[in-house]
Amino acid sequence: MIRTASKGAVLPDNQDESLLIRAGQGDNEAFGVLYERYMSRIYNYIYYRTGSQLDAEDLTARVFFRAMHHIQNYQDRGLPFSAWLYRIAHNLVANWHRDNSRRKEIPLDDCLLTYSYQDAYPEAALVKSEERERLLRLLRKLPAERQQLLILKFVEHLSNAEIGQIMGRTEGAVKSLYHRTLLSLRDELKEIIAREGSNIEDLM
Amino acid sequence: MKAQPNQGVANRNSEIHKMEAQLQAVLKPVVPRPEFVSDLKRRLTNKPEASVPIKIQEHDILQYGLLTAAGLLSGTLLLIFGVKAVVSLLNSLGVLQNLKPEIGSKPNPPMQTA
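Residues numbered from 1 in each chain as written. Chains lettered and ligands numbered in written order. Predicted model: local features only at pLDDT ≥ 70, side-chain atom pairs only at ≥ 80, totals over all residues. Heavy atoms only, no water.

Asks: When you look at the interface of chain A and chain B in this model, what are you seeing that I'm missing?
Replies: Bring the parts together and some accessible area is lost; that lost area is often taken as the interface size. Taken together, the 48 residues of chain A in the interface contact 30 residues of chain B. Between chain A and chain B, a total of about 3900 Å² is buried, with carbon and sulfur atoms accounting for 71% of that surface. On the chain A side of the interface with chain B, the three residues burying the most area are Tyr-35, Phe-65 and Phe-154 of chain A, jointly 15% of the side's total. Between the two partners, chain A and chain B, sit four salt bridges. Linking Arg-186 of chain A and Glu-15 of chain B is a salt bridge whose minimum nitrogen-to-oxygen distance equals 2.8 Å. In this structure, the connection of chain A to chain B is made through nine residue pairs in polar contact (both at pLDDT 80 or more). At the level of elements, helix 2 (28-50), helix 3 (53-70), strand 1 (113-114), helix 5 (122-126), helix 6 (129-141), helix 7 (144-155) and helix 9 (171-203) of chain A are the ones that each hand at least two residues to the side of chain A that touches chain B. Here the side of chain A that touches chain B gets eleven residues from one element, more than from any other, and that element is helix 2 of chain A. Of the residues that constitute the side of chain A that touches chain B, the class distribution is 30 nonpolar, eleven polar and seven charged. (Contact = heavy atoms within 4.5 Å. Buried area = accessible area lost by both parts, 1.4 Å probe. Salt bridge = Lys/Arg side-chain N within 4 Å of Asp/Glu carboxyl O. Polar contact = N/O pair within 3.5 Å; in protein donor to acceptor, adjacent residues only side chain to side chain. Helix = DSSP H or I, 4+ residues; strand = E, 2+ residues; numbered from the N terminus. Nonpolar A, V, L, I, M, F, W, Y, C, P; charged D, E, K, R; others polar.)

Asks: Mind showing me how you'd approach the pattern of salt bridges here?
Replies: Pairing between side chains of opposite charge can happen when their charged atoms approach one another. Residue and element names in this part refer to chain A. Inspection of every chain in the model, using the stated rule, returns twelve salt bridges over all chains. In this structure, the salt-bridge partner of Glu-156 is Arg-41, at a minimum N-O distance of 3.9 Å. Of this pair, Glu-156 sits in the loop between helix 7 and helix 8 (160-167) while Arg-41 sits in helix 2, and the two are 115 residues apart along the sequence. Comparing Glu-156 with Arg-41 shows no difference in burial state: the two are buried. (Buried < 20%, exposed > 50% of the residue type's maximum accessible area, 1.4 Å probe, protein only.)

Any functional reading would require information beyond the geometric quantities listed.
Set out below in structure tokens:
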């Protein structure tokens, strides 16, 4: 798997241990360090789940406030601290989707700074915006855990083992789910392209 | 004979790789606004502000309780003093004293005619 970007974000979680203890004792500076370490990952996850910059900011803030208020109850069960944060984010996003029956369109990349991957991935330059929008719409129609898997894989560049820790699945289960997700996305895309092709033919 | 299944697998793998490339192109990491990042950090690490939400909740319950009790007490006192004031006013005017015999004396039952 590609691990070129955001290497700094994937820090070993044993470095968090002392920070977590200090944060649990009310040390806000220690929590601040944890915040700096994980904020971007949580923000990205929420951003791609909601498709809205404003909602991503609001929910990211809620995740960290909730984490701070409950950090005394945090128990190290051998899982990375990020798994706990992702769990909070996952629940908040689920509530957000429940509260927002009216789905918003993804205003992606507008006004947002993005890392350029075009040099590393020449395919990126070839993907047309229409295809991109279509793919994003499809992505957001996937079940939550499949969305999470793809976001962790492609945005965070985590390995199957790391994703498994976060999602509470085995590495094999993640690999299998990933494969099935890609196949179903491929089938959906084919179906849409075929439908659009027939619509164009009908119009002509 | 086994060329066809291998071809199918190869096609599927190629499609999967294409899909991966598309996803990689679409799912780019986004950078949150620096103002948002710094503002949230300030709110999180600033102890008084960070602890405000919990304290407000605790305070709220206490405040509501005290306000309700104070409201009830002052309402009762206002009622008592109001009644007393009216009674003393009527007394000073002699209205109640004039009414007392009338109130005290029961009206006679109507005489039944044979």
